[in-house]
Amino acid sequence: INYVKDLYPQAKNLQMKVIVLHVGNSYKTKDGNEVRSCKVADKTGSVNLSIWGDYGNHIQPGDILSLSRCYAVLFKSCLTLYVGKFGSLTKVGEFCMVFNEVPDISDQNPNSPNQKPPPTNNNN
């Protein structure tokens, strides 16, 4: 199992267990796919989760999800989690899970933990 705090851009083949904090409105892509953005969290922090297709219509705040074969990428400068084509999203419970909303690693703050610190010049 992977934790939110360990996510970084281009991380692949992740297994996660998260609780849904917020479900956003859905929108349609140019090619007709329905996409919904959610905020999910575990005990180490929170991150955005993008859900494609009909799954998003069945997810509610408080749902505990088991995600397999998911990956993380930067979308509009925000780290976002996606379930891969051969991955799965399964509801495994409700409400009873320890979680932290901070750090929110999807936050665009350049000092957030998922960003590498700027190089320092030690040649003084």
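- Going by what an unreviewed UniProt entry lists, the protein is known as OB domain-containing protein and is assigned to Ciona intestinalis.

Points about the pattern of salt bridges
At step 1: The full count for this structure, using the stated rule, is four salt bridges.
At step 2: With a shortest N-O distance of 2.7 Å, E94 and K91 are connected by a salt bridge.
At step 3: Residue class for K91 comes out partly exposed when judged on its relative accessible area of 45%.

Description of the sheet that holds strand 1 (residues 14-28)
At step 1: If you trace the five strands once around the closed barrel, you get 1-2-3-5-4, paired in mixed fashion. With direction set aside, neighbouring strand axes in the sheet form an average angle of 45°.
At step 2: Relative to strand 4 (residues 63-75), strand 1 runs antiparallel, the two being bridged by five bridges. By the bridge assignment, V18 is partnered in strand 4 with L65.

Parameters at a glance
- Residues numbered from 1 in each chain as written.
- Predicted model: local features only at pLDDT ≥ 70, side-chain atom pairs only at ≥ 80, totals over all residues.
- Heavy atoms only, no water.
- Salt bridge = Lys/Arg side-chain N within 4 Å of Asp/Glu carboxyl O.
- Buried < 20%, exposed > 50% of the residue type's maximum accessible area, 1.4 Å probe, protein only.
- Pairing = 2+ DSSP bridges.
- Helix = DSSP H or I, 4+ residues; strand = E, 2+ residues; numbered from the N terminus.
- Axes fitted to C-alpha atoms, helices over the stretch in contact; angles between N-to-C directions.

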